[in-house]
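# Results of the structural survey
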Amino acid sequence: MSDQTSRWAGLSAWSIISYSFSTIRQVLTNGYAIIPFVYTGWQTGFNSPWLIIAVVGAILAVFTYATVQWAMFRYRLYEDKLGVRRGLIFKKANEIPLSKIQNVRLEQPLYFRPMGLYSLVVETAGSKEDEAILAAVSYQRAIEIKQHLVGERTNIQQKVGSPLTETGNQPVQGAVQGSALESAQEQTQEQTLVTKGIKDLLLFGLYQNNLLWFSIIAGPILSQLDWSDIADTQLAQSSLQWYNQAASSSLLYQVLIITLLIIGFYLLLSLISMAAAVLKYYPYRLGLNSKTLHRTGGVIAKQNDALALHRVQVTRFSQPLIGRLLKLWTLHFKQVQGTEIEQKAKKHMLIPSMNRAQISKLMPKIYESGTKAQRLPTYYNPIHFGWYWRRALLPLLIPLINTIGVGLNPMTEVMWAIGLAVSLAIYLRYRQWGYRLIENTCWIHNGVLGQSWYQVPLIKVQHVAITQTSGQRKRGTATLELGLASGTQTIPYMPVEDAREIAELTLVITSKDPNNWI
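Residues numbered from 1 in each chain as written. Predicted model: local features only at pLDDT ≥ 70, side-chain atom pairs only at ≥ 80, totals over all residues. Heavy atoms only, no water.

### Comments concerning the overall build of the protein chain
Rules: Numbering of helices and strands runs from the N terminus; a helix is a DSSP stretch of H or I covering at least four residues, while a strand is a stretch of E covering at least two. Burial here depends on accessible area, computed with a 1.4 Å probe over protein chains only, as a share of the maximum for the residue type. Under 20% is buried, over 50% is exposed, and the range in between is partly exposed. By definition, residues are in contact when any of their heavy atoms lie within 4.5 Å. Here the Shrake-Rupley method, with its probe set to 1.4 Å, supplies the accessible areas, and only the displayed protein chains count as covering residues.
If you tally the helices and strands in the protein chain, you get 18 helices and 22 strands. Looking at the protein chain residue by residue over its 518 residues, the buried ones come to 43%. Restricting to contacts in the protein chain with at least 6 residues of sequence separation, those with at least 24 account for 60%. Surface accessibility of the protein chain: about 28,100 Å² in total, with carbon and sulfur atoms responsible for 62%.

See the structure below:
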């Protein structure tokens, strides 16, 4: 493709819908915590006529802003880069080298399905936001651009003899025709690596449940409830009477009832997480094509993510507490810090609900990520006890000083309970922290109640640091830091001989391999 024959192109007017929803989503994302207060204010009589004016004004402002965004957006495809221009008052022009592009994601929100349109999201290494979003693009055009950007184009362009250009949403003369594209896609076989059905995704939502955001939203709403009226209901009175008769005199029954209530409450809240997992990922499919991972799925908004294997820096195998009981893992492919597949939530392309047998079957197929590992380790070398000893006494120091100063009272008893709980959590973290060196891969294990394995290909390491405090020097231990583009992985209080072995092996591997680490 030559720069002289490519032209600046705009987006379809349907993209105004996408810009409108994107603006609304940003407003709600930045202010979601005030939604419960707005709701409760409405319930208590927040019915001023100015509210209607404010709502209408907000709708007009969003539509106007979205229209300006659409009118001012232009993009241009080059042989080695993507050009983007946008902005009305403050104009912004970006030229994105194809070598910098980390992911290209295809999405089909619900409002684009009747028209058969997609949004193509371009993400680059190190960026905090999406570099470009090409909204309201036809499927054929989206596939053409995606193949061009991720370097998967075949020689169909040479056969046709023209660059990729378009006006609006329709390819102009010289663009790759649909028949040539379809024949090229048939020649490129995509290998299916992983598929997940509804059962797997429900289990994923169960063990990966995050209750923090629900607590933030539900807290203000629950505070508006009249609990005295609820306590006076017949159901509440009957439950209290049964508790006094059956469980108040038995500590075992009390513990059992509290445990059942906690489990029931967790399962109730998990219904939200389980439904979200199905709506976001079903039907989950992960494929491999030309050393690039492709993830598809989504009920409400269909997604198609692409990630080149050689861009994976670290693979994380996480297993929360419920996941340990179910013996299921989640795989996260960590990339260069900045924008990732799930950049708004600071997450990465993931594979849910994987057991050890499935992981062992998958790993040999993704060796292009930089590791020769064939399976997940079953044990690790623990770090030195000195790491725990230096941290365990501090949570107990404050209650000890208060006990010496004012004696033992209810307040100091609470402080002792908190201090002991923190010290126990530190001990559990110490017991979970360890490492293993297997061929060209350093495995790092950590966790508290759950656990995680970090698979660090030594070929991806950019810098190595070994540090020692005076206490570590006496114990013959050191802290090893492995710096990667995805962040620094640290192993504290490990034997200094092991730290030097990993560091020297890393330097040998990286000095002999000419491949680009990113």
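### Comments concerning the packing of aromatic side chains
Rule in force here: The aromatic pairing rule takes the rings of Phe, Tyr and Trp, using the six-membered ring of Trp, and pairs them if the centres are within 6.5 Å, calling planes under 30 degrees apart stacked, those over 60 edge-to-face and the rest tilted.
Considering all chains together, one arrives at 16 aromatic pairs under this definition. Between F204 and Y281, the aromatic rings sit 6.0 Å apart at their centres with planes inclined by 80°, giving edge-to-face as the arrangement. Pair noted here: F204 is in helix α7 (residues 198-207) and Y281 is in helix α11 (residues 251-281), with a separation of 77 residues, a long-range link. Both residues of the pair, F204 and Y281, count as buried. Taken together, the ring pairs connect F385, Y388, W389, Y427 and Y430 into an aromatic cluster.

### Observations concerning the confidence of the model for the protein chain
Filter applied, for reference: Residue-level confidence of the predictor is summarised by pLDDT, bounded by 0 at the bottom and 100 at the top.
When pLDDT is averaged across the protein chain, the result is 79; 78% of the residues are at 70 or more. Contacts for the low-pLDDT stretch residues 1-5, under 50 throughout, to residues beyond four places or in other chains number twelve contacts. This model gives residues 152-187 a pLDDT under 50, and the stretch forms 67 contacts once residues within four places in sequence are excluded.

### Description of helix α4 (residues 139-149)
Of all eleven residues making up α4, nine are buried, and the element is well covered by its neighbours. Taken together, the buried positions of α4 are occupied by R141, A142, I143, E144, I145, K146, Q147, H148 and L149.

### Things to note about the pairing of strand β18 (residues 441-446)
Stated formally: Should DSSP find at least two bridges between two strands, the strands are taken to pair.
Across the six residues of β18, six count as buried, placing the element largely inside the fold. Every second residue of β18 is oriented toward a common face, with T441, W443 and H445 on one face and C442, I444 and N446 on the other, all of them buried. Pairing between strand β17 (residues 434-438) and β18: five bridges, direction antiparallel. Within β18, the residue paired with G434 across the bridge is H445. The hairpin formed by β17 and β18 contains two residues between the paired strands, and E439 there has a positive phi angle of roughly 55°. As paired elements, β18 and strand β19 (residues 451-457) share six bridges and run antiparallel to each other. Residue C442 lies in a different strand from β19, and its bridge partner there is V456.

### Structural notes on the packing of helix α15 (residues 394-406) against helix α16 (residues 410-432)
Here is the rule: Think of each axis as a best-fit line through the C-alpha atoms, taken over the contacting stretch in the case of a helix, with angles from 0 to 180 degrees between the N-to-C directions. In these notes the angle categories are as follows: under 35 degrees is roughly parallel, over 145 is roughly antiparallel, 65 to 115 is roughly perpendicular, and the rest is oblique. Should the near helix be turned counterclockwise from the far one by less than a right angle, the crossing is left-handed, whereas a clockwise turn marks it as right-handed. Think of it as three bins: nonpolar holds Ala, Val, Leu, Ile, Met, Phe, Trp, Tyr, Cys and Pro, charged holds Asp, Glu, Lys and Arg, and polar takes everything else, Gly as well.
The contact between α15 and α16 brings their axes to 8 Å, and the two run at 160°. In this view, α15 runs roughly antiparallel relative to α16, as classed from their interaxial angle. Crossing angle aside, the handedness with which α15 passes α16 is left-handed. Within the contact between the two elements, α15 uses P395, L396, I398, P399, L400, N402, T403 and V406 and α16 uses T412, M415, W416, G419, L420, V422, S423 and I426. Of the residues in the contact of α15 with α16, the class split is eleven nonpolar, five polar and no charged.

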